[in-house]
Structure formats: structure tokens, C-alpha cells
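What follows is the residue order along each chain.
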Amino acid sequence: MSLLGGAIVEAIATDYGKGEVLRRLSDPCWFQALGCVLGMDWHSSGITTSVMGALKKAVNPLSKELGIYICGGKGRYSRETPAELRSIAEITGLPGEALVRSSKLSAKVDNTAVQDGYQLYLHSFIVSSEGDWAVIQQGMNDANGMARRYHWHSATMRSYTETPHTFIYGHNQGEILNLTDKAAASTKNGLLQLVKEDPARMLPEIRQLVMPSHHDVRAADVDLKRLGSVLAAAHERSLHDFDSLLLLEGVGPRTLQSLTLVSEVIYGTPSRFTDPARFSFAHGGKDGHPFPVATNVYDETIRVLKNAVDKAKVGQSEKQDAIRKLSVISQQLEKDFEPNENFSEVIARERADSWKYGGRTVVGKALPPKKDKPGNQLSLF
């Protein structure tokens, strides 16, 4: 995850700049899509901790080159954020105490000013060498076992205590006390004078993206036309006549499928991430949904992407242009594409072939389907 995540961040920073990395991390749908591409369960709360842990491991050794620093993390690592920010300030000349204040305030707001029953257990603070920052933090509700993720971005924030978030990602639970809502100005003024009394009004829930309770990937979770165009781009041999794809010679159809989805994560526009579950079809999920993680394909994706990024650094951008073209081809196909294979058939095929690509879940390796009778096969998945 660190290798692939690092390569994706490096590609975005190279093509669009460090500011775009922060903007995308503050987009909840893009962040979810990134987690799926990296092989995480498509809407597990573990996406947040695992993705940020992997990115910190990959990005910080390249911080001087990329101009991006990732601080904090889960549990005790979150409490190390102030010290990490002060160290970065010494190196870069950034205002360390101001960054520490932003870190502490963002955590205090989501733990206290937004009283939604979720207690923070993860705080990640991402800062660029130019002083822009993003915050990704997550809270857990012990009563219902659900998680909620909070996204911040300094470029769009005008106040710490008035609609500061780019998004809050979690299950809608009805009315909450939200003192960051614009309509809460009178309540905040009253609280300053009457600290012993409850606020006079209950405020609407912050806008949220609601995730379903099921862990398996279902047709309703995926834009089938988009997914179908990705599969077609990877498996239709007639499409390989594109000159740009010839630069990826030797890359098989299954790896092209993964690279196409990775290409969208790097080069896609925000409207392409409304169905993040689709990106779990890049490499699968560690829980086996929609199929076991294809570790061999995963490694090949890392190799191709890293090779493209490394060549681009020395002025040889042909392979990087080829990877960019994959997402363009997919979008072109999507315009007139009509799925001729149902969703369950796609998943069944991926699971049956998983063992060929080094398929693996948290419980072990995927095995070939067992033969019951001649001509009849039973799948293990």
C-alpha cells in the first residue's frame, strides 16, 4: 500500500503540484476511491487509518523533494502532531505555532463543537512547504460501532468555527448539536454569556455522504456503465491499437484494468468519484469483496507506475502520458457503452480467476476452484 500510494501521490504532485494533493485528500469520495485502489475494504473505517499510515510511510522520506509532510496518525501518534509540525517548521521556515494551533483547533472543533457522539481516535495533518494544509481525522461512536471521517482544507476554510469542513463522511443520525453551522451564530453568542445553560436550538446535521451498512460490493454501489467501460478498455484487443497503449507493451489485460482505475485516481475530475466502490475492482479487497486482493497485479501496477514517474523526472514522459490516456479511453468508451454482462457475472469471474493473480484475503491465499465432476467446478469463494 505504501509503494502504490506513494507512487500515486508522486504522480499527482509531479503533474499538478503539491496543492492538488492536499485538495484531493480533502475530497471524501476521492479519498475513498484511493483506499479502494490500494486494496482496502471498500467502505470500512480501516480505510482512513490504513491509507494515512501507508501515505505517511511513503511520502515523508520524499518530503524534501515533494514538499509535502504528513504528521499525526492513530492513537498516540495523533498526540505527536505538534512536535512533528515544530520540527517541520525548523526545516522549512513555516510558522510552526500557527500550524500547531490549526491542528489543535480542528481536533477540538470535531470533538466538541460538533456534538455528534463520535470521539476522535485518528488525526492526520498534511502540510505543504508553502504552508497550505489539510486535515483528515476520524471518530468512533461506541454506541453503534460506526465511524465518521472529517475533512478539512486550508484553501477553502474561512473560519475554524463556521462551516470549516470540506466534508463530513458518515451515517446520517438525525439532528445533532453543530456549533459550526452558520445558523449557530446566536447560539454561540449565548453560550459565551450563559455557559451553564444548554444551547437554545438543535441544528441540522452537517451535510454527509451516507455509506450503506453492508460490506459486500453490490450493483447499486457501482456505476455499471463506468465499470463496464473500464473492463472493455482492458480486455478488448481492438482497443490496443491506440498508439499510446503501445508504450505499455507487455502489460496484460488484468493489469490494464487496474492501471485504468489508478489512472482515474490520478487524472480524473471530481465527478468521476461519485461511486468509490467501483475502484475496488482495481485490485480487490482484503476482506474478499468484491474479490481477493490480486497481489501479483498489485505489484505490477506499482512497477509500471513507478517506472513512469521515474522516467518523467528526467524528461521522458511517454509512459506517464500512456497511463493518463487510459482514463481518457475509458471515458470515451463510456459514452456509447451498454453493459452486456451482469454485475454478478463480473464478480464471479474475478473470484474464479483470483488464484491466477496471487489472490489473497486476511484469511489466506485464494485457491483454484475444486473440481466436483468432470466439466463441473465448485468455486471456493
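Note that this is a predicted model, so its numbers are computed, not measured.

**Student:** Describe the side chain of Asp110, naming the residues involved and giving the relevant values.
**Tutor:** Tracing the sequence through the fold places Asp110 in helix 7 (residues 96-113). Summary of buried charges: Asp110 has no salt-bridge partner, and the nearest side chain of opposite charge, Arg148, is 9.2 Å away. A polar contact of 2.5 Å, which involves the side chain of Asp110, links it to the side chain of His165. The residues contacting Asp110, other than those within four sequence positions of it, are Tyr118, Leu120, Gln137, Tyr150, Trp152 and His165.

**Student:** Hey, could you go over the pattern of salt bridges for me, with residue numbers and the actual values?
**Tutor:** Counted under the stated rule, the structure contains 13 salt bridges. Across the pair Lys313 and Glu10 runs a salt bridge, and its minimum N-O distance is 2.3 Å. Here the residue Lys313 occupies a position in helix 12 (residues 295-313), and Glu10 occupies one in helix 1 (residues 2-16), the gap between them amounting to 303 residues. By relative accessible area, Glu10 is classed as buried at 1%.

**Student:** Mind laying out the nonpolar core, listing which residues take part and the relevant values?
**Tutor:** Counting residues in each nonpolar core, the largest one holds 57 residues, and the members touching the most others are Ile8, Ile126, Val265 and Phe281. With residues up to four places along the chain from it excluded, the contact list for Ile8 reads Leu34, Val37, Val262, Val265, Ile266 and Leu305. Ranked by size, the runner-up nonpolar core spans 20 residues in total, among them Leu94, Val100, Trp133 and Met157.

**Student:** Give me the pairing of strand 3 (residues 119-128): which residues, what numbers.
**Tutor:** Most of strand 3 is tucked away, with 7 of its 10 residues classed as buried. One ladder, built from 7 bridges, connects strand 1 (residues 68-74) with strand 3; its direction is antiparallel. Across the sheet, Gly73 pairs through a bridge with His123, a residue of strand 3. Bridge analysis of strand 3 against strand 4 (residues 133-141) gives 8 bridges, and the strand direction is antiparallel. Within the sheet, the bridge partner assigned to Leu120 lies in strand 4 and is Gly139.

What counts, and where the lines are drawn
- Going along each chain's sequence as written, the residues are numbered from 1 onward.
- Only residues with pLDDT of 70 or above have their local features reported here, since the model is predicted, and side-chain atom pairs are shown and tallied only from 80 upward, although totals for entire chains, interfaces and linings are computed over all residues.
- Computation of side-chain values covers all heavy atoms of the structure but excludes hydrogens and water.
- Only DSSP runs of H or I with at least four residues qualify as helices, and only runs of E with at least two residues qualify as strands; both kinds are numbered from the N terminus onward.
- Only protein chains enter the accessibility calculation, which uses a 1.4 Å probe. A residue is then buried if its area is under 20% of the maximum for its type, exposed if over 50%, and partly exposed in between.
- His residues and chain termini do not enter the charge count, which takes Lys and Arg as positive and Asp and Glu as negative.
- Any carboxyl oxygen of Asp or Glu that lies within 4 Å of a side-chain nitrogen of Lys or Arg is treated as forming a salt bridge with it.
- Polar contact criterion, stated in full: a pair of N or O atoms within 3.5 Å, where within protein one must be able to donate a hydrogen and the other to accept it, and residues adjacent in sequence count only if both atoms are side-chain atoms.
- Residue contacts are counted whenever heavy atoms from the two residues lie within 4.5 Å of one another.
- The criterion is simple. A nonpolar core is a set of buried Ala, Val, Leu, Ile, Met, Phe, Trp, Tyr and Cys residues joined through side-chain atoms within 4.5 Å.
- At least two DSSP bridges between two strands are needed for those strands to be called paired.

By themselves, these figures tell us nothing about what the structure is for.
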